[in-house]
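# Tertiary structure, described
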Amino acid sequence: MSAAPAYGEDKGGSAGPGEPEYGHDPASGGIFSSDYKRHDDLKEMLDTNKDSLKLEAMKRIVAMIARGKNASDLFPAVVKNVACKNIEVKKLVYVYLVRYAEEQQDLALLSISTFQRGLKDPNQLIRASALRVLSSIRVPIIVPIMMLAIKEAASDMSPYVRKTAAHAIPKLYSLDSDQKDQLIEVIEKLLADKTTLVAGSVVMAFEEVCPERIDLIHKNYRKLCNLLIDVEEWGQVVIISMLTRYARTQFLSPTQNESLLEENPEKAFYGSEEDEAKGPGSEEAATTALPARKPYVMDPDHRLLLRNTKPLLQSRSAAVVMAVAQLYFHLAPKAEVGVIAKALVRLLRSHSEVQYVVLQNVATMSIKRRGMFEPYLKSFYIRSTDPTQIKILKLEVLTNLANETNIPTVLREFQTYIRSMDKDFVAATIQAIGRCATNIGRVRDTCLNGLVQLLSNRDELVVAESVVVIKKLLQMQPAQHGEIIKHLAKLTDNIQVPMARASILWLIGEYCEHVPKIAPDVLRKMAKSFTAEEDIVKLQVINLAAKLYLTNSKQTKLLTQYVLSLAKYDQNYDIRDRARFTRQLIVPSEQGGALSRHAKKLFLAPKPAPVLESSFKDRDHFQLGSLSHLLNAKATGYQELPDWPEEAPDPSVRNVEVPEWTKCSNREKRKEKEKPFYSDSEGESGPTESADSDPGSESASDSKSSDQSGSEESSSESESEDQEEEKGESSESEQSEEEGGKSKMKKRKKVAEGQGSSSDEGSGPSSSSSESERTSETEGEQMEPASWRKKTPPSGKSAPVAKEISLLDLEDFTPPSVQPVSPSTIVSTSLATDLEGLTLTDSPLVPSLLSPVSGVGRQELLHRVAGEGLAVDYTFSRQPFSGDPHMVSVHIHFSNSSDTPIKGLHVGTPKLPAGISIQEFPEIESLAPGESVTAVMGINFCDSTQAANFQLCTQTRQFYVSIQPPVGELMAPVFMSENDFKKEQGKLTGMSEVTEKLTLPDTCRSDHIVVQKVTTIANLGRVPCGASDEYRFAGRTLTSGSLVLLTLDARPTGAAQLTINSEKMVIGTMLVKDVVQALTQ
Amino acid sequence: MIHSLFLINCSGDIFLEKHWKSVVSQSVCDYFFEAQEKAADVENVPPVISTPHHYLISIHRDRLFFVSVIQTEVPPLFVIEFLHRVADTFQDYFGECSEAAIKDNVVIVYELLEEMLDNGFPLATESNILKELIKPPTILRSVVNSITGSSNVGDTLPTGQLSNIPWRRAGVKYTNNEAYFDVVEEIDAIIDKSGSTVFAEIQGVIDACIKLSGMPDLSLSFMNPRLLDDVSFHPCIRFKRWESERVLSFIPPDGNFRLISYRVSSQNLVAIPVYVKHSISFKENSSCGRFDITIGPKQNMGKTIEGITVTVHMPKVVLNMNLTPTQGSYTFDPVTKVLTWDVGKITPQKLPSLKGLVNLQSGAPKPEENPSLNIQFKIQQLAISGLKVNRLDMYGEKYKPFKGVKYVTKAGKFQVRT
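Cut-offs applied
- Residues numbered from 1 in each chain as written.
- Chains lettered and ligands numbered in written order.
- Predicted model: local features only at pLDDT ≥ 70, side-chain atom pairs only at ≥ 80, totals over all residues.
- Heavy atoms only, no water.
- UniProt positions renumbered as here; feature names shortened; annotations may be inferred.
- Contact = heavy atoms within 4.5 Å.
- Buried area = accessible area lost by both parts, 1.4 Å probe.
- Salt bridge = Lys/Arg side-chain N within 4 Å of Asp/Glu carboxyl O.
- Helix = DSSP H or I, 4+ residues; strand = E, 2+ residues; numbered from the N terminus.
- Nonpolar A, V, L, I, M, F, W, Y, C, P; charged D, E, K, R; others polar.
- Pairing = 2+ DSSP bridges.
- Axes fitted to C-alpha atoms, helices over the stretch in contact; angles between N-to-C directions.
- Buried < 20%, exposed > 50% of the residue type's maximum accessible area, 1.4 Å probe, protein only.
- Polar contact = N/O pair within 3.5 Å; in protein donor to acceptor, adjacent residues only side chain to side chain.
- Phe/Tyr/Trp six-rings, centres within 6.5 Å; stacked < 30°, edge-to-face > 60°.
- Lys NZ or Arg CZ within 6 Å of the ring centre and 35° of its normal.
- Expected span 1.5 Å × (residues − 1).
- Core = buried A, V, L, I, M, F, W, Y, C linked by side-chain atoms within 4.5 Å.

Within an unreviewed UniProt entry, the label attached to chain B reads AP-3 complex subunit mu-1, and the organism entered is Odobenus rosmarus divergens. We quote the UniProt Sequence similarities (unreviewed entry) comment for chain B here in full: "Belongs to the adaptor complexes medium subunit family."

Per an unreviewed UniProt entry, chain A goes by the name AP-3 complex subunit beta and belongs to Odobenus rosmarus divergens. Taken verbatim from the UniProt record of chain A, the Sequence similarities (unreviewed entry) comment is "Belongs to the adaptor complexes large subunit family."

This is the structure in structure tokens:
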């Protein structure tokens, strides 16, 4: 104990539990000595060579520790065994050490060398546990050793050891906070780690050591978002909670401009990224997107966070679900918060402790976002078996959810609750009824009547509670309720609960004009029993007396004086004071005349009605789900949730150099062969050997293999891309000449080409940023079908090359540039397929069967005459809408043929049929005369061909327009094998099958024309097929994702049979009609 | 995060303590005892208690309190979830989570707690990983250990800890490869006085018992997956696959685990399999009342309803009950005032009923409210929502597993208001 003075303070608390043991023992001296004896035999056992005896001894010692008994005197004997070969003995020795090392620091130092040796052990478990114990023994002398060990472990090969290092950081920090700077370096290093195992632990360390260093997160933000789904549950909670704070500092509030532009999330931003990546054609869109950022546009990183956390709502862990719920509540735009309600309601089936916490949070949320939980109203109904604390919370939620429409059901429920045996709960119910009555004017009278009926209840508590609530309600409209006041006055004879008596007296005093006859009588009675009353009642008696004296002094003068005299000699000084004060005020005397003239104004001033509001109001300034929120008080170590910034900080800080990543991940691959299980975060996780890839998730493995090819064959690829590019350009110009008839389009293309070069220069300096944006794009694409993936350039490429290929890629996005029927398509088709071949090297069959991507031609949305110079066309681009895979992406082309600039082009409040939703394009600030611009918007048609009607607004005018999709645009191609196709088709027979016979005209018998025609009419992907005269196509409807399978069985004679299998019969029928029409024309 | 853990039994003894950081004195539990006293009922002890220097977060499981000591801000659910996980682990290891079991295996408990938390942050909570680190006690193993001197503690890092599928250990081998799934649905309902349904909902779970060698990759598909409204998954399930194809695709953990839990969309009408006719009345100013309930089947899809139990919490003024059941047996506990009637099966020919007199405390006012009836029942071979497993496919391994699906419907929180 020689070191004791130095660490005395630390030890103060820890010595505590040991002491009482000694304290007890002297009282029974016998035990004390036998204790020593017992310890002697333990020491003996520990000193033997036999592992089994040692183990037995250690087990007994650990059992002592577990019961809270002191075993510190065995320290020397135990510590000797720290190097024992037997793993279990060793572990138990560790347990002992961690418990007592702090008390016996000198002796503990003896064990350090063993741990240092352990840190070099080839077995990762031993390395890790050595570090764990070393960092847990809380001996300040070894801080430098710990620091070294942590630094070393942070670059260990084994992620498990690195995880342990992350755990050790807060331990060291709590021991010696001077090490902060060095520890931050280690944290920074570990934050860059790409394994899911480490992520949770290091973020935990970050939160404990340096939660203010938000800058450390920037570079790792996207990685964390993408790894999130694979991190273990505990880590997920910590990361989500940290990211919530991060997002609050880095992004703009999604609700700030809601009135201006109701919804404009990611689309615009992603749109512009794609455009940059894809080059000249959509340059206009990019230019329009940029200025449009001024109104609120969600940062793509913000969107990434929301998207990647959403699946976690399905987690089995309540803590994770709650964490995601709070993230959505604090960060998501209003329209999207609703998704969390369902998951939270699910948690109500869990353990009662979980229910308790969840209900607290739901109560807070339901004040702000009532609509969210309204559909689940019934889930909050109370069962008689619920614990009282749960009942009261549910009641709180029910009250918050009550509104004009559901109030009858809610009140009916309340009625059953009032008869419950649980009186606390009944009291709370009465309060709740009172709150409903104040909030919803329509039911105020009903509630009041109900409460009055309760006044005749046998249970006094119920009556008392009702009186208190009635008092509050009456204050809102006293005039009509003289009767109730009279009724209440009668109750003074019976009710004994002081609060209720006080309330009645106050009411009578306040409204004594409404009950002029009764009031003096009540005062008379109260004067009689004055001395026996509770203090609050006495105060109200004085109050009543004073008010009556002022209004009706003739009848009550004497009574008042009597009461005041009684009060003057009361035991309670408060009451004495009040009496004295009141007397001076109301009874005119020589000097106090000035005030008593105004006594009436003072006492009978109209008082504002009380507001009955939830105790959960404004609790949301605490981060939901936190301890502080639950306690409604700031807990130690609580990190305030910052307000949204006015101006978004520079988003480019989150950009990461891509080449570096690839390098890292390559190295990592060789070392550890790790890959995330579910998160197909192509960018970070890097290529993986496909040996252990999960066969189930096709899309994931697809993307992975494409990645692989991307990095491994990048050199050959870039060559071929160059060639492709040349080809592409030539074909492009060819086409534009051939399609000379369409002058408008040609013009646009020229503009596009002209701008192409300038944009090249423009984006030159920011090449790194554009690159990482692209990675974020790839991340964004995870959920899209494979067809989309082929367009994302492989991540391993250097920026300029990628740029070129993206220029080219645009080719098949500028919708009408590939006219299906023209001969040039063959060139372009092969071009497209070649391009696809670059990335989809693992499935060479697919590209050759791919249909050229092209939609139906341009359609007019607004004629230039009707639009006063503004002409608007639209095309279905058939490219997946980047924000929401359920949306059809529509390219809108604006051109200004007037001679004044058109300003502020945006979509006005759409009036949409149920289910249909629109993702507007970003506002186009200005369109100069003669200029044209393309914008992308997404429409979720909900698998119907109903038209989406909306307004197109300029600064001065509004145009009503509508877009009606051809049925073929409501789907997206899927790629499946022949077998899959047959299997799926087998499931979709009977009602889901539509068949039509037709005769193919001569012009339409060649393979590629048929394919061409079908794919023009419907956005389907071709399925490989053995038979030569059979064509198969497959797709999924965008909204519901139901399969649409199309089979065309063509005989050489020209007779053909068309079959469509789809769950959506309507779509099937319409599609048959369209396809038949297209084929037979 | 979690500073210390105290286990307290129902009589208020602290029988185990474990500290992950500096030692916190047992006296901190006094705040807990105080709250417990105030709450009167164990269920009403607030899960979070604030004390001057610490916060106590507790759970109540199997008549034990797990009280954890927290010093700084932490999501309360995080701790609650963890404590339940600890209790689950004990259950898993010792077959029950009781004071006796924990005391008997105190060393293993200590080793487990040591592995589960490091510096208060969860380290290894997957049962498969823990079982490799610390083997569960069996009689055979303890005999072998005492002879050979080998130990229960593994000396290599569990394979699961490093893999992307921490829930499964490598090198699993079985001679009989089996995969069983239990689809268990519970009906939560509140039925009002007149017999109409106030609220009804189906909550289901699929529990799996998988004993398959190697690394099987399973996919389970349903005939009618759209029934499932809100689903929560075991981490092994591939979320994307479910999103796109409504197929449960997963590499299963070894042994018993809960695959998914789900809720059937509430728009669907829920078939209520039983009805109850009841008449309970207390006479004014007399010390007795009448009690009469009858249970009958309703919408039971042609299956027998079995295992019916009716539990009634009678009002405080009830002294005793004299009842005669036509079927089964009943008990009334005069201390807790709980009436339990164990009915058994329903035979439609003769509906079970329970009739008789209720003795009330004389002089006390008659109870305001009739007690509500909590009903338990079970229907074998039926998932009341109509959910059906279509098929189970296995990839990745060559052998043919034996597969089985069982359906059960039970009453969940099924309450009849009277």
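With that settled, the discussion passes to the interface of chain A and chain B. Counting from both sides, the interface comprises 106 residues of chain A and, opposite them, 106 residues of chain B. For the pair chain A and chain B, the summed buried surface comes to about 9500 Å²; carbon and sulfur atoms form 56% of the total. Across the pair lysine 91 of chain A and glutamate 115 of chain B runs a salt bridge whose closest N-O atoms are separated by 2.9 Å. In terms of residue count, helix α9 (residues 159-175) of chain A provides more of the side of chain A that touches chain B than any other element does, seven residues in total. Residues belonging to the side of chain A that touches chain B are distributed by class as follows: 44 nonpolar, 33 polar and 29 charged.

Attention now goes to the sheet that holds strand β2 (residues 14-19) of chain B. Residues and elements named next belong to chain B. Strand order in the open sheet formed by five strands is β2-β1-β5-β4-β3, and the pairing between neighbours is antiparallel. At either margin of the open sheet sits one strand with a lone partner, and together these are β2 and β3 (48-50). Across this sheet, the average inter-strand angle for adjacent strands is 20°, counted without regard to direction. Here seven bridges tie strand β1 (residues 2-9) to strand β5 (residues 64-70), and the two strands are oriented antiparallel to one another. Paired with phenylalanine 6 across the bridge in β5 is valine 67. In the packing of helix α4 (residues 106-116) onto the sheet, contacts are made with β1 and β2, and the angle to β2 comes to roughly 35°.

Structurally, threonine 636 of chain A can be placed in the loop between α36 (627-631) and α37 (658-672). For threonine 636 of chain A, a relative accessible area of 46% corresponds to the partly exposed category. One polar contact links the side chain of threonine 636 of chain A to the main-chain carbonyl oxygen of glutamine 71 of chain B, over a distance of 3.1 Å.

In this structure, arginine 138 of chain A is a non-glycine residue whose phi angle is positive, near 50°. Note that arginine 138 of chain A resides in the loop between α7 (124-136) and α8 (143-154). For arginine 63 of chain B, which is not glycine, the phi torsion reads 60° and is therefore positive. Within the element layout of this structure, arginine 63 of chain B appears in the loop between β4 (55-61) and β5. When its relative accessible area of 58% is taken as the criterion, arginine 63 of chain B is described as exposed.

Turning to the packing of aromatic side chains, a few remarks are in order. Overall, the coordinates contain 24 aromatic pairs over all chains when judged by the stated rule. On the numbers, 5.4 Å between centres and 65° between planes, the contact of tyrosine 94 of chain A with phenylalanine 115 of chain A is edge-to-face. One end of the pair, tyrosine 94 of chain A, is in helix α5 (residues 87-100); the other, phenylalanine 115 of chain A, is in helix α6 (residues 105-118), with 21 residues separating them in the sequence. A relative accessible area of 10% places tyrosine 94 of chain A in the buried class. Look at tryptophan 234 of chain A and phenylalanine 78 of chain B: their rings are 5.4 Å apart centre to centre, the planes differ by 70°, and that puts the pair in the edge-to-face class. Within this pair, whereas tryptophan 234 of chain A is found in helix α14 (residues 233-250), its partner phenylalanine 78 of chain B is found in helix α2 (residues 76-94), the two belonging to separate chains. Taken together, Trp234 of chain A together with Phe78, Phe82 and Phe121 of chain B form an aromatic cluster joined through their ring pairs. The ring of phenylalanine 329 of chain A carries arginine 369 of chain A above its face, with NZ or CZ at 5.3 Å from the centroid. When the ring centre of tyrosine 407 of chain B is taken as origin, the NZ or CZ atom of lysine 388 of chain B, which lies over that ring, is 5.8 Å away.

In this section: helix α27 (residues 460-474) of chain A. Every α-helix winds through 3.6 residues per turn, so residues three or four apart in the chain are directed the same way. Residues and elements named next belong to chain A. If you check α27, its first and last C-alpha atoms are 21 Å apart, about what 15 residues at 1.5 Å a residue would give, namely 21 Å. The complete set of buried residues in α27 reads Val462, Val463, Ala464, Glu465, Ser466, Val467, Val468, Val469, Ile470, Lys471, Leu473 and Leu474. Looking at the packing, one finds that the buried side of α27 touches α25 (423-439), α26 (444-454), α28 (482-491) and α29 (498-510).

Take the sheet that holds strand β13 (residues 255-264) of chain B next. All names here are of chain B. With respect to topology, nine strands assemble into an open sheet ordered β11-β13-β9-β8-β23-β21-β16-β19-β18, the strand pairing being mixed. In this open sheet, the two edge strands, each paired with only one partner strand, are β11 (228-233) and β18 (329-333). On average, each strand axis in the sheet is tilted by 15° relative to the strand beside it, whichever way the strands run. Relative to strand β9 (residues 197-211), strand β8 (residues 178-191) runs antiparallel, the two sharing 14 bridges. Bridge assignment links tyrosine 180 to a residue of β9, and that residue is cysteine 209.

Below, the discussion takes up the environment of glycine 968 of chain A. Residue and element names in this part refer to chain A. With respect to the secondary-structure elements, glycine 968 resides in the loop between β9 (958-963) and β10 (971-973). Considering only alpha carbons, one finds glycine 968 and leucine 1071, 103 residues apart in sequence, at a separation of 6.5 Å. Setting aside residues no more than four positions away along its own chain, glycine 968 makes contact with Ile1017, Ala1018, Asn1019 and Leu1071.

What follows concerns the nonpolar core. Counting residues in each nonpolar core, the largest one holds 268 residues, and the members touching the most others are Phe380 of chain A together with Phe66 and Phe90 of chain B. Considering every element that reaches this core, the biggest residue donor is helix α18 (residues 318-331) of chain A, with 12 residues. Ignoring any residue separated from it by four or fewer positions in sequence, one finds phenylalanine 380 of chain A in contact with Val345, Leu348, Leu359, Val362, Phe373, Lys394, Val397, Leu398 and Leu401 of chain A. Counting 75 residues, the second-largest nonpolar core is a separate cluster that includes Phe222, Phe239, Phe282 and Leu323 of chain B.

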